[in-house]
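Below are the chains, spelled out letter by letter.
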Amino acid sequence: MNHPHRYRVDVVWTGNRGSGTDGYRNYSRNHLIRVPGKPDLAGSSDPTFRGDATRHNPEDMLVAALSTCHMLSYLHMATVAGVVVVAYDDSAEGTMVTEGDGGRFTEVVLRPLVAIRADSDLDKALAAHEAAHHACFIANSVNFPVRCEPRIVVSSD
């Protein structure tokens with residue numbers, strides 16, 4: 001059964017330096033991302049596109065959304081499979097190419113390092129990544145490959 005979920009986000013441009021967009025170098029790319037009931041995120045564009053490197057940019061947030069969606073899906077799938085995860089770290093990387101006035105992502109690679117409890121099944125821990133990939137809402141919504149190169153280690157704790 002189809003259950004729609006809606007997500008409200010307000011984006012407010014805060015980069016008017018007094019003359020609006022009267023010139024490419026005359027305005028800041030800074031903005032605020034507001035989600036009701038949550039802290040604001042300070043956003044900008046990538047520094048390559050005249051943005052503020054200290055603020056979140058859309059490209060970083062897309063890669064982060066894919067990484068966190070996979071992680072949350074994985075934790076669920078591992079739990080269902082009886083795998084006890086004790087730590088999870090991902091070093092995700094996205095590749096984007098520019099084309100004319102725009103561009104697109106060509107892929108994102110997730111590299112999760114997962115520690116499982118010694119009494120957990122290693123094969124089930126690996127299989128949970130494949131299940132998580134197919135369950136991830138964000139990965140199912142993009143038009144480029146999202147690859148997962150997981151490493152599983154057995155925790156000594």
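Refer to the structure presented above.
Predicted, not measured: the structure shown is a model, and the values here were computed from it. (Residues numbered from 1 in each chain as written. Predicted model: local features only at pLDDT ≥ 70, side-chain atom pairs only at ≥ 80, totals over all residues. Heavy atoms only, no water.)

## As for the packing of helix α1 (residues 58–80) against helix α2 (residues 122–135)
- With their axes 8 Å apart at the nearest point, α1 and α2 run at an angle of 130° to one another. Considering the angle they form, α1 stands oblique to α2. The chirality of how α1 crosses α2 is right-handed. On the side of α1, the interface is formed by His70, Ser73, Tyr74, Met77 and Ala78, while α2 contributes Ala125, Ala128, His129, Ala131, Ala132, His133 and Ala135. (Axes fitted to C-alpha atoms, helices over the stretch in contact; angles between N-to-C directions. Helix = DSSP H or I, 4+ residues; strand = E, 2+ residues; numbered from the N terminus. Parallel < 35°, antiparallel > 145°, perpendicular 65-115°, else oblique. Left-handed = near helix turned anticlockwise from the far one by under 90°. Contact = heavy atoms within 4.5 Å.)

## Quick notes on the packing of aromatic side chains
- Taken as a whole, this structure holds 3 aromatic pairs when the rule is applied.
- Aromatic pair Tyr74 and Tyr88: ring centres 5.9 Å apart, planes at 45°, arrangement tilted. Of this pair, Tyr74 sits in helix α1 while Tyr88 sits in strand β4 (residues 85–90), and the two are 14 residues apart along the sequence. Like Tyr74, the residue Tyr88 is buried in the burial classification.
- Seen in terms of ring centroids, Phe105 and Phe144 are 5.6 Å apart; in terms of plane orientation they differ by 25°. Their pairing is stacked. In this pair, Phe105 is assigned in strand β6 (residues 102–110) and Phe144 in the loop between α2 and β8 (146–148), connecting sequence segments 39 residues apart. (Phe/Tyr/Trp six-rings, centres within 6.5 Å; stacked < 30°, edge-to-face > 60°. Buried < 20%, exposed > 50% of the residue type's maximum accessible area, 1.4 Å probe, protein only.)

## Description of a nonpolar patch on the surface
- Residues Tyr24, Phe49 and Met96 make up a contiguous nonpolar surface patch of about 270 Å² in total accessible area.
- By the secondary structure assignment, Tyr24 is in the loop between β1 (10–13) and β2 (31–34).
- When its relative accessible area of 48% is taken as the criterion, Tyr24 is described as partly exposed. (Patch = residues over 30% accessible without salt bridge, like charges linked within 9 Å, V, L, I, M, F, W, Y side chains within 5 Å. Areas by Shrake-Rupley, 256 points an atom, 1.4 Å probe, with all protein chains shown as cover. Salt bridge = Lys/Arg side-chain N within 4 Å of Asp/Glu carboxyl O.)

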